[in-house]
Amino acid sequence: MIMFDLGPALLFCPADRPERFAGALAKADAVILDLEDAVLPEAKAQARSNIVAAELDPARVIVRVNAPDTTEFGADLDALARTPFRTVMVAKTEDADALDVFGAGYDLLALCETARGIHAAGRMAAHPHVTGLMWGAEDLVASLGGTSSRFADGRYRDVARVARAQVLLAAGAHGKGAIDAVHLDIADLEGLQDEAIDAAASGFRATACIHPSQVATIRDAYRPGADAVAWARAVLAAAAGERGVFRFEGRMIDEPVLRHARSLIARAG
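As the structure is a prediction and not an experimental result, all values here were calculated from the model.

Analysis parameters
- Residues numbered from 1 in each chain as written.
- Predicted model: local features only at pLDDT ≥ 70, side-chain atom pairs only at ≥ 80, totals over all residues.
- Heavy atoms only, no water.
- Patch = residues over 30% accessible without salt bridge, like charges linked within 9 Å, V, L, I, M, F, W, Y side chains within 5 Å.
- Areas by Shrake-Rupley, 256 points an atom, 1.4 Å probe, with all protein chains shown as cover.
- Salt bridge = Lys/Arg side-chain N within 4 Å of Asp/Glu carboxyl O.
- Helix = DSSP H or I, 4+ residues; strand = E, 2+ residues; numbered from the N terminus.
- Buried < 20%, exposed > 50% of the residue type's maximum accessible area, 1.4 Å probe, protein only.
- UniProt positions renumbered as here; feature names shortened; annotations may be inferred.
- Pairing = 2+ DSSP bridges.
- Axes fitted to C-alpha atoms, helices over the stretch in contact; angles between N-to-C directions.
- Core = buried A, V, L, I, M, F, W, Y, C linked by side-chain atoms within 4.5 Å.
- Contact = heavy atoms within 4.5 Å.
- Disulfide = S-S within 2.5 Å.

(A) Layout of a nonpolar patch on the surface. Together, L184, I186 and I210 give the surface a local cluster of nonpolar side chains, amounting to about 220 Å² of exposed area. Residue placement: I210 occurs in the loop between β8 (206-209) and α9 (215-222). A relative accessible area of 31% means that I210 is categorised as partly exposed.

(B) Representation of the UniProt feature "domain: HpcH/HpaI aldolase/citrate lyase" (unreviewed entry) in the protein within the structure. Within this numbering scheme, the UniProt entry marks residues 10-212 as carrying the feature "domain: HpcH/HpaI aldolase/citrate lyase" (unreviewed entry). End C-alpha to end C-alpha, residues 10-212 measures 10 Å, and it is 36% helix and 19% strand.

(C) View of the pattern of salt bridges. Evaluation of the coordinates by the stated rule reveals 16 salt bridges. Salt-bridge contacts for D139 lead to K92; the nearest nitrogen and oxygen are separated by 3.5 Å. With D139 in helix α6 (residues 137-143) and K92 in the loop between β4 (87-90) and β5 (107-112), this pair connects stretches of sequence that are 47 residues apart. Given a relative accessible area of 22%, D139 falls into the partly exposed group. Among the ionic pairs, E255 bridges to R262, the shortest N-O distance being 2.7 Å. Taking the relative accessible area as the measure of exposure, E255 reaches 36% and is therefore partly exposed. Residue classification places R262 among the partly exposed positions, given a relative accessible area of 40%. Salt bridges sharing common partners tie together D34, E36, D37, R64, K92 and D139.

(D) Layout of the sheet that holds β4. Ordered by their spatial adjacency, eight strands build a closed barrel running β1-β2-β3-β4-β5-β6-β7-β8, and the pairing between neighbours is parallel. Between one strand axis and the next, the sheet turns through 25° on average, direction left out of account. Inspection of the sheet shows strand β2 (residues 30-34) paired to strand β3 (residues 61-65) by four bridges, in the parallel sense. In the sheet register, V31 faces β3, and the bridge partner there is V61.

(E) Spatial organisation of the nonpolar core. Of all hydrophobic cores here, the largest spans 62 residues; its most connected members are V65, F102, L133 and W135. Every residue in contact with F102, bar those within four places of it in the chain, is listed here: V65, F73, L77, L80, V88, V90, L108 and H129. Grouped together as the second largest cluster of nonpolar side chains are 14 residues, F12, M134, V182 and A206 included.

(F) Region of interest: the state of the cysteines. Per the counting criterion, the structure on display carries zero disulfides. Take C112: it sits in no disulfide, and the sulfur closest to it among the cysteines is that of C209, at 20 Å. A residue is classified by how much of its surface remains accessible, and C112, at 0% relative accessible area, is buried. Here C209 is not cross-linked by a disulfide; its sulfur's nearest cysteine counterpart is in C13, at 11 Å.

Okay, here's the thing in C-alpha cells:
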C-alpha cells in the first residue's frame, strides 16, 4: 500500500522552510511537507511555491493540504497539480464527498482530527482514493471545547483513546493503513516509545513525528525484537505439521495467532 511499505517514521516539515526539506527526507522514512498548521497565513503562498520548486523523491513525499472547507484549499490543489507529488494528507477531513475533487491519480491520507471527522472515519476509509487514515488529538479536543488531550502523567484522556481506536478500526475495516498521531513532547522519548510500541502491536502502520530526534525511537518500536521473530518463525514452522488448533510452548495456537506471527515476520523485513 502507498507509503506504508517505506517504513514507520513519517516526519512533518513546514513547507515554508525549504532548506529543511532534503534533510528531513534523509532522516525519516517519508516527509510530510505541511501547508497547514505549521505555516502562518501570510507564509502560505510562499510555502506553495516552495513545494512546486522542491526536487524530492515523489515516492517518499506526502503533502498536507489545508482543510477542504478553507479558502486555502483551492490554491493548494493548484500548486499540487504543478508538482510530481501525488500522496496527499487532507487536514481536518470531515466529509468523504469533499475528497471527490481529487482525481484518480492521487493517493489520499484522510486526517480525522475533529469530532465530525472521527465520526465519519468509516466513510472516509471507504473512499476509493483514500489509502490511509490518520488521527489527531489536539484538534479533536479543541473541536469538543476541551483544553487538553492528556493527563498530567502524559497518558491520553479517554476521548482521545476512543478516537484513536475508531480511526484504526475504520481503516482496518476497509483494508487501509492507519497512522498514529504525533507525540508533541519532543523530549519525552520514553513516552513516545511506549505509544509507538502500542501502535505497532495494535496494527498501526506508521507514526507521524515532528522532530528528527523522534525517528529512531519510532523505528525501533515498530521493529520486532529478535526473540519475537524467532518465536514467530518457530510457531509457523510447527503449524506446518499440525491440523487446526494445536499447543506450542504451553500456549494454544490457532489461525489468529498465526496471523500475528506472520505480521511480526513482515515487520522484521
